[in-house]
Amino acid sequence: MKPKQDTLIVTAGRDPDAHFGVVNTPVYRASTILFPTVEALKTRNQPYTYGRRGTPTLAALQEAIATLEGGAKTVLTPSGLAAVTTALIAFLKTGDHLLMTDSIYGPSRHFCDTILKRNGVEVDYYDPAIGAGIAAMMKPNTRVIFAESPGSITFEVQDIPALAGAAHEGGAKVIVDNTWASPLYFKPFEHGADVSIQAITKYLGGHSDVMMGSITATEEAAKTVLAAHGAIGMTVAPDDVFLALRGMRTLSVRLERHMRTGLTLARWLEGRPEVAQVIHPALPSHPGHALWRRDFTGASGLFSIVLKPCTDAALGAMLDNLDYYGMGWSWGGFESLIVPQDLTGIRTATTFACEGPLLRIHAGLEDPDDLIADLEAGFARLNAANG
Ligand SMILES: *Cc1c(COP(=O)(O)O)cnc(C)c1O
């Protein structure tokens, strides 16, 4: 019987027998790796050849992520953004056309609008809700459809099988940024993706102390990914990989709690008079809820709310004095976060109407009662300051 996911998360990428019984793959620090003979040097016929090209430490994380995502091969990058840019560079050259979701992570958009365009790649942004309608935007030179589902600020759920159908019909690849769901709650390769990206920085790392990304690909797409990743010289530090692996082993239990607390907060927020809208794919009120139910097996702890219009001072009174929610970028750590988000300039194909301030919330691992009480006190301050 094939082991289930929660078993794989414990066993994947581990080989204690190869390390004197030590449970965790040790940190191998390496630049030079020695060859025993001229023949071995010439043929490179050994598992590891040079630090930049891999060590047992890196291989452990790569193997684990490939197993969990359901892809053939994984490579690691020094940030999630580097995973996005490396994957795009791998498949695109001057004269090619990229279809990019309008809900894309801001820095990924910036890369497309600067480096890619400067190098003669045509970039069109599409409505994340377009589904099979993407076929009408395909051009003879379209090489990549890039999706991020759900978007990490506005949480549109994308129809990946429909995008994949159109892409493959036209000879293009589908790259999915799968960071929100993590490899546990969405299986990109079962839904037609060729490449899946994780910002390991978020849930896989899980402790707000490591920057890393991964690119996982099918056997066929992996050739292109590995070639570009190696040519550019991407590599990661073994200590960081150790942290990522350590975080990953508890991903399933953490994520389940993030999901539960996120939903508890989201449902409570739906009943608050200060809140105009709760944007959470696992709530029936979400426009992408049916797609989420069809394709995902869970939700992470990240969602947004739109407040009713209020003054900046009132928003400050609410957010500046919270006890448990930090204000800062990234998410996926054990701690709760809340950040006001400005959508200005990060939409071009669609508009996202908000009647008041948009707040992105990350539900951490604190007790949900404390998190609710903290928000409740925040709303009281907001109302008092709003007059
Ligand atoms: C954070 C994030 C990234 C970038 O990851 P970094 O490690 O911060 O570079 C990419 N995609 C999504 C969806 C993210 O949330």
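What this report covers is the structure whose coordinates are included nearby. These numbers come from a predicted model, not from an experiment. (Residues numbered from 1 in each chain as written. Predicted model: local features only at pLDDT ≥ 70, side-chain atom pairs only at ≥ 80, totals over all residues. Heavy atoms only, no water.)

### What to know about the environment of L245
Phase 1 of the analysis: Note that L245 resides in helix α9 (residues 238-248).
Phase 2 of the analysis: Along the primary structure L245 and L58 are separated by 187 residues, whereas in three dimensions their C-alpha atoms are 9.5 Å apart.
Phase 3 of the analysis: Excluding anything up to four places from it in sequence, L245 contacts T57, A60 and L61. (Helix = DSSP H or I, 4+ residues; strand = E, 2+ residues; numbered from the N terminus. Contact = heavy atoms within 4.5 Å.)

### What about the sheet that holds strand β7 (residues 213-217)?
Phase 1 of the analysis: Pairing within the open sheet is mixed, and its 7 strands lie in the order β1-β7-β6-β5-β4-β2-β3. The two strands at the open ends of the sheet, each matched to only one other strand, are β1 (73-77) and β3 (122-126). Strand-to-strand, the axes of this sheet are offset by a mean angle of 20 degrees, without reference to chain direction.
Phase 2 of the analysis: By the bridge criterion, 4 bridges tie strand β2 (residues 97-101) to strand β4 (residues 142-148) in an arrangement that is parallel. Across the sheet, the residue bridging to M100 is F146, located in β4.
Phase 3 of the analysis: Across the sheet, helix α3 (residues 56-69) lies against β1, β6 (195-199) and β7, angled at about 125 degrees from β1, the strand it touches most. (Pairing = 2+ DSSP bridges. Axes fitted to C-alpha atoms, helices over the stretch in contact; angles between N-to-C directions.)

### Side note on the site of the ligand
Phase 1 of the analysis: Taken together, S79, G80, L81, Y105, E148, D177, T179, A199, T201, K202, M211 and W331 make up all the residues around the ligand.
Phase 2 of the analysis: Within the side chain of K202, a nitrogen or oxygen atom sits 2.6 Å from an oxygen atom of the ligand.
Phase 3 of the analysis: Taking 380 Å² as the accessible area of the ligand by itself, protein coverage stands at 93%.
Phase 4 of the analysis: With respect to the pocket detection grid, the ligand is positioned in the second largest pocket.
Phase 5 of the analysis: Looking at side-chain class alone, the shell around the ligand contains 5 nonpolar, 4 polar and 3 charged residues. (Near = heavy atom within 4 Å. Polar contact = N/O pair within 3.5 Å; in protein donor to acceptor, adjacent residues only side chain to side chain. Areas by Shrake-Rupley, 256 points an atom, 1.4 Å probe, with all protein chains shown as cover. 1 Å grid on protein atoms, 1.4 Å probe; cavity = no way out; pocket = protein on both sides within 12 Å on 5 of 7 lines; lining within 4 Å. Sits in = over half its atoms within 2 Å of the grid points. Nonpolar A, V, L, I, M, F, W, Y, C, P; charged D, E, K, R; others polar.)

### Considerations on the side chain of D96
Phase 1 of the analysis: Of note, D96 is situated in the loop between α4 (80-91) and β2.
Phase 2 of the analysis: For D96, the residues in contact, after removing those within four places along its chain, are F91, G120, V121, E122, N141 and R143.

### Re the pairing of β3
Phase 1 of the analysis: The pairing of β2 with β3 spans 5 bridges and is parallel. The residue bridging L98 from the neighbouring strand is V123, located in β3.

### Some details on the packing of α4 against helix α5 (residues 106-118)
Phase 1 of the analysis: Between α4 and α5, whose axes approach to 10 Å, the crossing angle comes to 40 degrees. Classified by the angle between their axes, α4 and α5 sit oblique to one another. α4 and α5 meet at a crossing whose hand is right-handed. Judged by residue contacts, L81, V84, T85, L88 and I89 of α4 engage P107, S108, F111, C112 and L116 from α5. (Parallel < 35°, antiparallel > 145°, perpendicular 65-115°, else oblique. Left-handed = near helix turned anticlockwise from the far one by under 90°.)

### With respect to α4
Phase 1 of the analysis: An ideal rise of 1.5 Å per residue puts 16 Å on 12 residues; α4 measures up with 17 Å between its terminal C-alpha atoms.
Phase 2 of the analysis: Buried residues dominate α4, accounting for 10 of its 12 residues.
Phase 3 of the analysis: Looking at α4, one finds that the buried residues are G80, A82, A83, V84, T85, T86, A87, L88, A90 and F91.
Phase 4 of the analysis: The backbone nitrogen of L81 has a side-chain oxygen 3.4 Å away, supplied by the residue at the start of α4, namely S79. (Expected span 1.5 Å × (residues − 1). Buried < 20%, exposed > 50% of the residue type's maximum accessible area, 1.4 Å probe, protein only.)

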